[in-house]
Amino acid sequence: MSFFDFWSRTKERAALLRRANQLRLNPSQLNLLLGNSEVRPLLQDERMVSLLPPVGMEVFRCFTAVSKEVVQQRHEAEVKERKAWKHQKASEKNLRKPAAHLETGKSLPFIYGVPPPQLLNTPLEDLDPFYQSQKTFVVLSKGNIINRFSADSSCYLLSPFNPLRTLAIKTLLHPFFSTFILLAILSFGVLRFNFPVVKYVYMALFMFEALVKVVARGFCVGRFTFLRDPWNWLDIIIISTLLVSQFVDLGKFAVLMTISLLLKIFTCSQGLKKTVEALVQPVKRLDCVIILTVFCLSILAIIGLQFFMGILKNKCVIWSMNTNTTEFDFHNHTTSPENYYYIPGHPDPLVCGNQSDTERCPDGFNCVKAGSNPNFGYTSYDSFFWSLMSLFRLMMHDFWEGLMQLTLRAAGKSYLIVFLLVFFPGCFFLLSLILAVVVMTRAEQEEAQGAEAIQREEEFGRIVEVLKRREEEQASSRAETPEQQDSLQKKKSVAGIRATKQEHVKEAEEHHRPLCCTCTDAFLKGDCCGCWRWLKQQSHTFIMNPFFDLVIIICIIVSTIFTAMEHYPMMEEFSETLVIAHLVFHGIFAAEMIIKLVAMGLHGYFQVRWHIFDFILVIISLLQLGLADVESLSLLRIFLPFRVFRLARWWPMLHMFLKIVWASVGNLTLVLFITVFMFSVAGMQLFQSDYKANVCRPSYDCQLPRWHMEDFFHSFILVFRVFCGQCLESLWDCMKVSNDGVCVTFFIIVLIVGKLLILHLFLNLLFINDQLVDSEDKTTNTLQSTMKQTRTWIPKSIWTLWGKNYADQDHKGDTKKDNKEEYLALSSVSSDQLTLDDNHTNMAAWEAPVAMAEIEFRTPENAQEKETQHCDVIQKLKDETHLEPEDCCCNRCHVCCPFLEIDTSQGTGRVWSNFRRACLCIVQHKFFEGFIVFIILLSCAALVFEDIYLEHRPVLQRVLKMADLVFTFVFLVEMLLKWVAFGFKKYFTSFWCWLDFLILNVTLFSLMGNMLGYTSQPLRALRTLRVPSRFKGMRVVLKVLAVMLPSMFSVLLVILVIWLFFSMIGVNLFAGKFSYCYNDTSEELFSFYVVKNKSECFSLMDLNFSEVNWKTWTFNFDNVGMSFLSLLIMGTSSGWMDIMYAAVDSRQVEDQPRYEINMYMYLYFICFIIIGCFFTLNLFIRVIIDTIHQQRHKFGGKHVFVTDQQQKYLRTIKKRFSEKLNNTVPRPQETGQKKLCEA
């Protein structure tokens, strides 16, 4: 199954899962299913029998000693039966299997009814027929969750009926027990055994938990015991490490206890446990892929080792004049860092080479292999391990350009071919393979869920059908005698009397309801008095007017524009204008809220989620106005840009984006957050002491680097950065302060786990369609409907004011509109079907251009009609190529210019007709088309030789100039021949002919400009646009991209709105704070203790300190435009560290920055990376896939990027490989061959 086939079934699968989860039986059917013993024989299907509960009303039977004896007998009988099956070599398919709907951890199916409350947390007989002979029993916990235990004695001492074991089971399944363990685990991240007593408390707590589990389940003998669950192995690791740590200092191995403890968080929630188990399934499928990846990376590492071993040690060393003296120490001279040549601003010396195409040293320096490798010695190909690390760095795209530049500087530019043909394709292949396996596993899981839902729906339909048939039989048997009919009527009359009595009782209860409840209900619903109800009705009519929504939309847009106009520095008059505008909009939105509250009442208003969002924004804006002078509450202004999200109520694409963000809040995201938390705590425990003890190794000023693990917040930020794919610089810092092997192992594990989790989250959001795909279908484009109603409402109001009836006009307009819509619908279908005409029509190489409107294409209903229609179109095109040349001009030209009418049967007209026919034969000949394609490729190749050195090559310059004239002349002749052959009418109906015509005109104008002395060299690049018009595959791709442009622009508009939101928040947070006082002499920032703000910096400048300068970072947040540019740098992950560092160091407006004084501003950039990059990328890819799928579905499931000839080839290959080959070898007839064959 292809990806698009899987994607096409996404909606169907989502709807199927929703239906399967909503299947319910009514009470009468449930009673009939559980209480009637005659229903079971009607369901003879074995699959159906396994789903149904036992016959009789006692579905849930307590597990007693008698039940245990029965189970023991069944177990012995099954053991004998299995031995017989094994002796008969029966297949495993005939063996009974556990029921999927009764697995441990799942909720009790609805067909079993609701268990009595007194049976919760009580041992019951197993409901699954498979386990009824496996010596097990079940216990239903809160929420009717199935928990299965072994019926054998726990630790050979405690039977299932022992009070101690019963107490242990109730304690284990109590929700408070799991909550208590979860709180203890979370508190570990804060306390971390800083106090000696805490260590013993945790040890006692986890030993008590393990003891409860062992007593309740048993230790290891039997099913569902303590050690049979891999999650319980975490308890063994925790307890063993705690006990061993009492006698031995575990050092860094103590992190195993931390990881195990944090992994126990998943066991506290059944949903998290199932999510983790589902994530482990693709990892099992990746075992062979991981082995292949390591093997291929090893081969690439060996290639890098052989090509580039030791070359990165080449450095430019200053040449000493005392090299001939005996006192000169060459080794000390070449290993001394002060003798190396450094590029300003770079900590490493310049890497050089001695080949002609390598980096050359400046005068006075020689290229010598000496010293250590770049990047603190961690970037090299000197050994297999370091070469493997370099290739892994290339595959992960972590600062790969720096590695390639260093290699090319030392080895030479010719070795770029090794990167382009070996390293990059190999890494791309491995990443694609891993991605394909993960996606396939995810698709298989989705298909398995769909198949299970289909089976559940079919079984439910079978049950309902049998129950309905049984009810009909019972009803017909009851209505056979008159007495029974009379009794039935009496029962119905009694039931009616009871129903009327119940209604009277309800009315009496409402009548005697306390006055406070009645007043509260009237107040919430807005039914206090007649005047209020009249006001409510008038307000409701007002807010339901389409013009009201349009005004609110305009106000939101204008308010967003005013918010985006804030910048630094602002003039006082402009600032006052913005304040007044914000006051006006605050009043408008507050009035909107009040009107809706009056019209809908409190109860009705807060039933709509968008109204709750509006209410929160209005309250925050009013608080911001009232507390504007309070400095600590000035950050309330950052909530004003949230108002732009109100447009999602009328904008389907933005609404879909918000649903994607909301759908991400689930078990998978929680697993991702817990994983980040776990790695943060583990990293802090591993490297905290190393960063404190060796703080002077990473930096000369003995200051911790920005990315470290000395505290939890910095460790959390560093793990998030590694999850984003950038771990190299942090890994180098870690290796400088700690053990290399520990750092490499930790960072690689974090990187791989993070990438897999993010990939799963991305696929999960991409494939969640039960909430997202239907959003665009269910959420109508209210904005367009509002505009449509407003256009009708305005002229209707004008006609009413004039005293005329608008009904007739409206009716006429609707009639015309209906006709127009019908016409537009037909034309749009034709245009859509013709957008990919190259994909469905087999044109010869540049035959006569056919007008788009002349080809009629309808989506065929079946394959036969499709093939017939395809052949008709091909035959029609072939016939057209042998017709007489069409008229040169259109009919209007002949009407305006009668002299264009020429008699082609005699005289000059006949000569002209023969000439056109000859031109048509020339143009349609395959050699002519091949010659034109050759000239096009030759003209494109000529552009390659136009470089900066062309002025020093006069011969080549003259050749290119003459070739340019020849190419232009050939293309001009081609155009004239096609004009004569096809005529202007047919020539200018083809888009590609128009493109050739425009390119030729531009070329002619550029030649004229060169003759007049004007430079028009960049216009020559337009020649390359001729290439797609001659190759069918390129035309197909370009036309598909043209079809995708509207949806892509819609998504880009949503992305711009999201980025505008973050830009406005960035302006509110950082406007005027990205400036600093700079020392031009030392090329460093002044310390905060020397210069505190702009005034002190200018005072130094007034004292004639010429090296002092007040500067602003290139990328800042002083206005929305610069904020957009800074966020673009953040989104591309290129140079975004400087922006983040400036934000973290910022203090107040025009203050000198201080090192990490505003550390929590990291969270702003984290939110932008998650929402502004990750979710927008998901939306973009979703829309592109959906658009391609729609185009594919429109043309009968054919691949939109494949031409007709390629499609035929694929069908032939598929048919050839689908045929079964005859493997039987004919017996030889010759005597010698026959003997050899028999031997």
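Scroll up to find the structure.
Residues numbered from 1 in each chain as written. Predicted model: local features only at pLDDT ≥ 70, side-chain atom pairs only at ≥ 80, totals over all residues. Heavy atoms only, no water.

A. Structural view of the overall build of the chain. The secondary structure content of the chain amounts to 46 helices and 8 strands. When the 1239 residues of the chain are sorted by exposure, 42% land in the buried category. Looking at the chain alone, contacts between residues at least 24 apart form 72% of all its contacts between residues at least 6 apart. When the accessible surface of the chain is split by element, carbon and sulfur atoms take 63% of a total near 69,900 Å². (Helix = DSSP H or I, 4+ residues; strand = E, 2+ residues; numbered from the N terminus. Buried < 20%, exposed > 50% of the residue type's maximum accessible area, 1.4 Å probe, protein only. Contact = heavy atoms within 4.5 Å. Areas by Shrake-Rupley, 256 points an atom, 1.4 Å probe, with all protein chains shown as cover.)

B. Main features of the sheet that holds strand S7 (residues 1084–1085). Strand order in the open sheet formed by 3 strands is S7-S6-S8, with antiparallel pairing between adjacent strands. Edge strands, defined here as strands with exactly one partner in the open sheet, are S7 and strand S8 (1108–1112). Of the strand pairs in this sheet, strand S6 (residues 1075–1079) and S8 are connected by 5 bridges, and their pairing is antiparallel. Looking at the pairing, Tyr1076 lines up with Lys1111 of S8. Running over the sheet, helix H41 (residues 1094–1102) touches S6 and S8 and is turned about 145° from S8. (Pairing = 2+ DSSP bridges. Axes fitted to C-alpha atoms, helices over the stretch in contact; angles between N-to-C directions.)

C. Layout of the sheet that holds strand S3 (residues 145–150). One open sheet holds the 3 strands; their spatial order is S1-S2-S3, and the pairing between them is antiparallel. Both edges of this open sheet fall to strand S1 (123–125) and S3, since each of them pairs with a single strand only. Each strand axis lies, on average, 45° off the axis of its neighbour in the sheet, ignoring direction. Inspection of the sheet shows strand S2 (residues 136–141) paired to S3 by 6 bridges, in the antiparallel sense. Bridge pairing in S3 places Val138 opposite Arg148.

D. Layout of the state of the cysteines. With the rule as written, the count across this model stands at 5 disulfides. Sulfur-sulfur distance for the disulfide between Cys316 and Cys361 comes to 2.1 Å. An S-S torsion of about -90° defines the bridge between Cys316 and Cys361 as left-handed. Placement of the pair is Cys316 in strand S4 (residues 314–318) and Cys361 in the loop between helix H14 (330–335) and strand S5 (365–369), with a sequence separation of 45 residues. There is no disulfide at Cys427, and the cysteine sulfur nearest it, in Cys296, is 10.0 Å away. For Cys427, a relative accessible area of 4% puts it in the buried group. (Disulfide = S-S within 2.5 Å.)

E. Empty space enclosed by the protein, seen in detail. Following the criterion strictly, the structure yields 12 cavities of 30 Å³ or more and no others. What the second largest cavity holds in volume is close to 200 Å³. Together, 20 residues line the second largest cavity, and Met389, Phe392, Arg393, Leu728 and Leu731 are the ones closest to its centre. Those elements that place two or more of their residues in the lining of the second largest cavity are helix H16 (384–395), helix H28 (728–737) and helix H29 (740–767). Per element, the largest residue contribution to the lining of the second largest cavity is 5 residues, and it comes from H16. Class assignment for the residues of the lining of the second largest cavity results in 14 nonpolar, 4 polar and 2 charged. (1 Å grid on protein atoms, 1.4 Å probe; cavity = no way out; pocket = protein on both sides within 12 Å on 5 of 7 lines; lining within 4 Å. Points joined across faces, edges and corners; volume = space filled by probe spheres on them. Nonpolar A, V, L, I, M, F, W, Y, C, P; charged D, E, K, R; others polar.)

F. View of a nonpolar patch on the surface. A surface patch of nonpolar side chains, about 540 Å² in accessible area, is lined by Val579, Leu583, Ile619, Leu622, Leu623, Leu625 and Leu627. Secondary-structure elements contributing two or more residues to the nonpolar patch are helix H23 (572–605) and helix H24 (609–626). Here Val579 lies in helix H23. Relative accessible area serves as the criterion here: at 47%, Val579 is assigned to the partly exposed category. (Patch = residues over 30% accessible without salt bridge, like charges linked within 9 Å, V, L, I, M, F, W, Y side chains within 5 Å. Salt bridge = Lys/Arg side-chain N within 4 Å of Asp/Glu carboxyl O.)

G. Representation of the packing of aromatic side chains in the model. Throughout the structure, instances matching the rule amount to 58 aromatic pairs. Ring plane angle 75° and centroid distance 4.8 Å describe the contact between Phe642 and Phe1061, whose orientation is recorded as edge-to-face. A residue pair is termed long-range when its members are at least 10 positions apart, and Phe642 in the loop between H24 and helix H25 (652–663) and Phe1061 in helix H40 (residues 1032–1070) qualify at 419 residues. Among the aromatic residues, those joined into a ring-pair cluster are Phe639, Phe642, Phe645, Trp1059, Phe1061, Phe1062, Phe1070, Phe1074, Phe1117, Tyr1164, Phe1165 and Phe1168. For Arg217, the ring lying beneath its charged end belongs to Phe149, and the centroid distance is 4.5 Å. Lys736 extends its terminal NZ or CZ atom over the ring of Phe376, reaching a point 3.3 Å from the ring centre. (Phe/Tyr/Trp six-rings, centres within 6.5 Å; stacked < 30°, edge-to-face > 60°. Lys NZ or Arg CZ within 6 Å of the ring centre and 35° of its normal.)

H. Spotlight on the nonpolar core. Counting residues in hydrophobic clusters, the biggest one holds 179 residues, and the most contacted among them are Phe746, Phe747, Phe1070, Tyr1162, Tyr1164, Phe1165 and Leu1179. Ranked by the residues each element gives to this core, the list is headed by H29, at 14 residues. If you look at the next biggest cluster of nonpolar residues, it comprises 26 residues, including Cys919, Leu977, Tyr987 and Leu1000. (Core = buried A, V, L, I, M, F, W, Y, C linked by side-chain atoms within 4.5 Å.)

I. Molecular detail of helix H26 (residues 667–693). Compared with the 39 Å implied by 1.5 Å per residue over 27 residues, the 39 Å span of H26 between its first and last C-alpha is a close match. The axis of H26 is deflected most strongly, by about 45°, at Phe687. Burial analysis of H26 places 19 of its 27 residues in the buried class, which makes it a mostly covered element. (Expected span 1.5 Å × (residues − 1). Bend = angle between axes of the 7 residues up to and from the residue.)

J. Inspection of the pattern of salt bridges at higher detail. The tally for this structure, following the rule as stated, stands at 20 salt bridges. Residue Arg1026 pairs with Asp996 through a salt bridge whose shortest N-O separation is 3.9 Å. Within this pair, whereas Arg1026 is found in helix H39 (residues 1026–1030), its partner Asp996 is found in helix H38 (residues 991–1011), the two being separated by 30 residues in sequence. For Asp996, a relative accessible area of 5% corresponds to the buried category. Residues Asp1151 and Arg1147 are paired through a salt bridge, measuring 3.8 Å at the closest nitrogen-oxygen approach. Using a relative accessible area of 21% as the deciding quantity, one classes Arg1147 as partly exposed. If you follow the salt bridges from partner to partner, you end up with Glu209, Lys213, Asp235 and Lys264 in one network.

K. Seen up close, the packing of helix H12 (residues 270–285) against helix H13 (residues 287–308). It is the contact of H12 with H13, at a shortest axis distance of 4 Å, that shows an interaxial angle of 50°. If you check the angle between H12 and H13, you find them oblique. Across the interface between the two elements, Val283, Lys284 and Arg285 of H12 pack against Asp287, Cys288 and Val289 of H13. Along the lines of polarity and charge, the residues of the contact of H12 with H13 split into 3 nonpolar, no polar and 3 charged. (Parallel < 35°, antiparallel > 145°, perpendicular 65-115°, else oblique.)

Take it as geometry only, folks, not as evidence of what the structure does.
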